[in-house]
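Here is how the chains run, residue by residue.
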Amino acid sequence: MSKKRSKPARDPHAEREARKYDNPIASRELILETLAAAGEPMTWEQVAEALDLLEEDQTIALTRRLRAMERDGQVVRNRRHAYGPLDKMDLVRGRIQAHPDGFGFLVPDDGSDDLFMSAREMRALMHRDRVVAHVSGIDRRGRREGAVVEVLERNTHQVVGRFQLDNGLAFVIPDNKRIVHDIVVSPENMGAAEHGQIVLVELVQQPSRRRQPMGRVIETLGDHMAPGMEIDIALRSHELPHDWPEEVDDEIASLKAEVPESAKQGREDIRDLPLVTIDGADARDFDDAVFCEPQGKDWRLLVAIADVSHYVAVDSALDNEAIERGNSVYFPGRVIPMLPEVLSNGLCSINPKVDRLCMVCEMIVGSGGKVKSHRFFEGLMRSHARLTYDQVAAMLDGDKALCEEYAAQLPHLQNLHKLYRAFDRRRKRRGAIEFETTETSIVFGEGKKIDCIVPLVRNDAHKMIEECMIAANVEAAKFLAANDMPTLYRIHEPPKEEKLTDLRAFLSELGLNLPGGDTPEAQNYSKLLAEVRERPDAHLIQTVMLRSLKQAVYSPENKGHFGLSLEEYAHFTSPIRRYPDLLVHRAIRHVLRAGGGEKKSGMARVTRALKKLVGSGPAKTFHYSTADMQKLGENCSMTERRADEATRDVTDWLKCEYMMDKVGEDFDGIVTSVLGFGLFVELADIYVEGLVHITSLRNDYYHFDAAKHTLTGEHSRKSYQLGGRVRVKVVRVDLDDKKIDFEMLDDEGESLPSERPARAGKKKGVKRSRIKPAEKAEKKTVKKKVAKKKVSKKKVVKKKAAAKNQPDDKQGTVKKKRRRRRKPKPSSE
């Protein structure tokens with residue numbers, strides 16, 4: 001008797017699917033629910049039957065959807081070709097982070113602990129590949145170890161490196177040190193490349209457990225690194241999109257320099273408000289403007305952000321390219337924008353004295369710095385001035401010339417500064433963590449060569465704008481959370497337990513403690529930082545505390561921001577250069593146009609809850625689902641890390657080039673990292689980092705203490721510690737590897753008390769008999785007499801030697817030296 005087929009469940013996302021597709025089928029959410037309810041993996045035929053998808057076009061669409069869900073790691077297909085949800089099969093999905101030494105880690109999408117991937121597992125993988133793995137065991141260091149089940153997505157398609165010919169074999173050594181595979185090039189794929197040239201190869205075969213990756217030379221970049229080439233190499237090495245596709249050029253061809261009159265209709269006109277932009281002197285795109293005025297005992301603050309969502313349509317070629325880029329990339333002297341210049345520097349840049357479309361967050365802020373209420377609206381604005389941080393700081397300090405030039409804006413800037421002080425007091429009360437770090441800027445001279453590297457000094461104008469942006473970001477997150485909208489939050493989770501254990505072990509050595517137990521809060525970190533600020537080892541303590549924290553990422557799940565000590569946080573203020581901000585703008589605009597918004601009344605909250613229950617809120621008709629946001633969040637987190645790695649590569653190369661003519665010179669520096677193989681030292685006033693390898697530390701065996709972050713000499717007890725000040729010599733600069741080697745100069749480092757060996761006849765733990773003061777004084781007198789006799793005997797020997805016209809007894813001198821060698825070395829202070 002055949003089992004009666006049950007009626008498929010109602011799809012809560014059917015309306016969304018109908019808007020997105022001409023022939024909609026079951027949503028991903030419904031498919032996952034169906035698979036989970038089945039209690040076992042289901043074949044394609046079983047899924048189709050359960051969802052009542054029997055027509056040909058429906059079955060084709062289901063096949064494509066299951067493949068896409070498999071590619072995204074939402075489902076896994078087993079050897080019987082049956083599908084199951086990832087979380088039901090004890091599998092881990094994530095992205096590979098390769099290490100130059102050959103091993104790697106799988107960083108899970110769910111934020112759980114990383115999986116260690118052995119060098120054997122990494123043979124078939126490359127940096128940033130997306131994979132599904134299972135936990136194969138625990139290694140000797142207590143880490144979860146992973147084994148690959150399936151590669152979901154290959155990240156590396158092109159590689160930049162040095163072309164090598166060796167006994168007829170051709171291969172490319174990648175410039176990116178995280179790619180540990182040499183790329184094999186067959187004779188027919190060599191092109192015109194010659195030995196030693198820098199080339200770009202396209203992978204024609206990905207690596208496997210038994211085969212090296214193979215590639216085809218598609219571009220020869222040059223014989224050596226010329227000025228400016230470092231950025232071209234980084235773009236290709238990290239596969240950063242930098243050319244605009246033809247479809248994007250076609251879409252933006254009709255855009256004009258001015259905002260069309262039709263686009264201004266239906267917006268709130270705030271062109272009369274004296275909004276101003278405040279940015280760096282070298283900024284080219286201006287995406288935020290601010291205005292502040294007192295309102296009774298409160299403040300009225302407006303943060304106006306360029307309305308990028310008006311120009312970038314969902315699923316357009318421009319939108320797809322923005323997703324690929326994820327963010328703008330800021331190299332020294334060059335920017336790779338997320339959006340074409342007609343938008344990033346034109347229509348979406350709040351340039352002075354021109355009309356611009358904007359999304360506005362209006363806030364009423366109490367005298368204590370707490371936002372009492374907010375309102376979002378689509379606006380039409382005009383910036384009244386383009387100011388720099390240095391100009392505003394000078395005006396706040398009373399610069400007469402600037403105060404006269406910007407007399408109309410000065411009162412509003414003073415209002416902003418007063419509000420900043422209220423924000424800052426509240427920030428300190430809630431315990432936001434504030435590390436004292438130094439950011440640098442590279443100043444170029446002729447021929448794109450570094451003239452100098454200077455620290456960036458943050459003044460009150462920087463902090464003022466930062467606090468205004470944080471306030472708007474918080475209110476955007478609250479607004480979307482209140483309306484149950486799928487969105488991306490900027491989350492910063494609390495530190496992991498193992499990191500806390502290491503941090504507390506280090507602090508205990510210094511007589512310090514981090515309160516808060518297993519779940520410390522940001523204010524615990526902040527309080528400890530305040531306690532140690534005046535200590536000479538404050539830099540060391542701060543560095544170790546900073547390294548205990550996690551990295552901030554994008555997620556559709558609101559987990560708060562640990563570092564800022566905030567329960568809700570999203571990125572709203574930079575849609576020109578960050579894709580998550582654009583998604584937040586789209587969500588806010590969707591709520592506004594759906595007639596939604598956060599209301600304070602109890603009846604409004606009840607109505608909102610009922611709408612959520614029956615699935616009739618603004619989220620129901622939004623283009624994106626939570627699953628979509630999950631995927632986009634992972635991509636944006638990846639592109640952010642990719643940009644950081646690329647800019648770090650370029651900066652490292654430029655610094656190496658800067659140090660080429662300084663080999664042999666001495667510099668003061670500070671130890672920025674202590675590892676088992678040596679010390680990293682940053683040169684004072686130059687901000688260039690290099691390695692003092694452990695083998696270059698002379699006259700002793702040095703041992704690494706991970707808990708104390710030290711390298712200590714076995715006999716000399718000389719210790720090099722994180723944050724310690726040293727003097728080094730530049731001994732080698734390697735442009736290809738982007739490495740600088742230092743050598744420690746003599747008598748550097750701090751000497752620790754020596755651990756003297758126990759005297760002969762004395763056993764450890766046996767108490768020594770106490771000597772009375774009278775006996776001690778008597779013994780001292782005896783010693784002095786014996787010493788005087790020795791001195792007088794030496795004088796007699798010297799007189800006899802002089803009389804015989806002979807030198808001092810050499811044998812006695814040798815014996816004396818030997819006795820000194822046998823003595824344990826005294827400790828230095």
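What you see is a predicted model, and the numbers here were worked out from it, not measured in a lab.

Parameters at a glance
Residues numbered from 1 in each chain as written. Predicted model: local features only at pLDDT ≥ 70, side-chain atom pairs only at ≥ 80, totals over all residues. Heavy atoms only, no water. Pairing = 2+ DSSP bridges. Helix = DSSP H or I, 4+ residues; strand = E, 2+ residues; numbered from the N terminus. Contact = heavy atoms within 4.5 Å. Axes fitted to C-alpha atoms, helices over the stretch in contact; angles between N-to-C directions. Core = buried A, V, L, I, M, F, W, Y, C linked by side-chain atoms within 4.5 Å. Buried < 20%, exposed > 50% of the residue type's maximum accessible area, 1.4 Å probe, protein only. 1 Å grid on protein atoms, 1.4 Å probe; cavity = no way out; pocket = protein on both sides within 12 Å on 5 of 7 lines; lining within 4 Å. Points joined across faces, edges and corners; volume = space filled by probe spheres on them. Nonpolar A, V, L, I, M, F, W, Y, C, P; charged D, E, K, R; others polar. Polar contact = N/O pair within 3.5 Å; in protein donor to acceptor, adjacent residues only side chain to side chain. pLDDT = per-residue confidence, 0-100. Patch = residues over 30% accessible without salt bridge, like charges linked within 9 Å, V, L, I, M, F, W, Y side chains within 5 Å. Areas by Shrake-Rupley, 256 points an atom, 1.4 Å probe, with all protein chains shown as cover. Salt bridge = Lys/Arg side-chain N within 4 Å of Asp/Glu carboxyl O. Lys, Arg positive; Asp, Glu negative; His and termini not counted. Charge placed at Lys NZ, Arg CZ, Asp CG, Glu CD. Phe/Tyr/Trp six-rings, centres within 6.5 Å; stacked < 30°, edge-to-face > 60°. Lys NZ or Arg CZ within 6 Å of the ring centre and 35° of its normal.

J.: Break down the sheet that holds strand β3 (residues 82–85) for me, with residues and values.
T.: With respect to topology, three strands assemble into an open sheet ordered β1-β3-β2, the strand pairing being antiparallel. On the outer flanks of this sheet lie β1 (42–43) and β2 (75–77), each paired with one strand and no other. As judged from the two bridges shared by β1 and β3, these two strands associate in the antiparallel manner. Within the sheet, the bridge partner assigned to Met42 lies in β3 and is Tyr83. Here helix α2 (residues 28–38) sits on the sheet and contacts β1, β2 and β3; the angle it forms with β3, its principal contact strand, is near 100°. Across the face of the sheet, helix α4 (residues 56–71) comes into contact with β2 and β3 while running at roughly 105° to β2.

J.: Explain the nonpolar core to me, using residue names and the numbers behind them.
T.: Membership of the largest hydrophobic core comes to 90 residues, with the highest contact counts inside it found for Ile278 and Phe572. Take this core: its biggest share by element is 11 residues, from helix α14 (residues 460–482). Those residues in contact with Ile278 that lie beyond four places of it in its chain are Val290, Leu387, Thr388, Tyr389, Val392, Leu413, Met464 and Ile465. Of all hydrophobic cores here, the second largest spans 59 residues; its members include Phe331, Phe562, Val692 and Ile740.

J.: If you had to explain empty space enclosed by the protein to someone new, which residues and values would you point to?
T.: Taken as a whole and assessed by the stated rule, the structure comprises three cavities of 30 Å³ or more. Approximately 50 Å³ is the volume found for the second largest cavity. In terms of residue class, the lining of the second largest cavity is made up of one nonpolar, six polar and two charged.

J.: Provide a residue-level description of the side chain of Asn327, including the pertinent values.
T.: Structurally, Asn327 is set in the loop between α9 (317–325) and β18 (329–331). Of the polar contacts made by the side chain of Asn327, one reaches the side chain of Thr639; its length is 3.1 Å. Residue contacts for Asn327: discarding those within four places in its chain leaves Ile336, Met338, Arg577, Arg578, Cys636, Thr639, Glu640 and Ala643.

J.: Which residues make up the confidence of the model for the protein, and what values do they have?
T.: With 86% of its residues at a pLDDT of 70 or more, the protein shows a mean pLDDT of 85. With pLDDT under 50 throughout, residues 793–829 is counted as low confidence; its partners more than four residues away or in other chains account for 11 contacts.

J.: Lay out a negative patch on the surface with the relevant residues and their values.
T.: On the surface, Glu246, Glu247, Asp249, Asp250 and Glu251 cluster together to form a negatively charged patch. As for its position among the elements, Asp249 is in helix α7 (residues 246–252).

J.: So what's going on with the packing of aromatic side chains? Residues and values would help.
T.: Working definition: an aromatic ring pair is given by the centre-to-centre distance plus the angle between the planes. Per the counting criterion, the structure on display carries nine aromatic pairs. Measuring from ring centre to ring centre gives 5.4 Å for Phe622 and Tyr624, while their planes differ by 65°; the resulting arrangement is edge-to-face. Accessibility assignment for this pair places Phe622 and Tyr624 in one class, buried. Here the aromatic residues Phe103, Phe105 and Phe116 are joined through ring pairs into a cluster of three or more. Above the face of the Phe116 ring, Arg143 is positioned so that its terminal group lies 4.2 Å from the ring centre.

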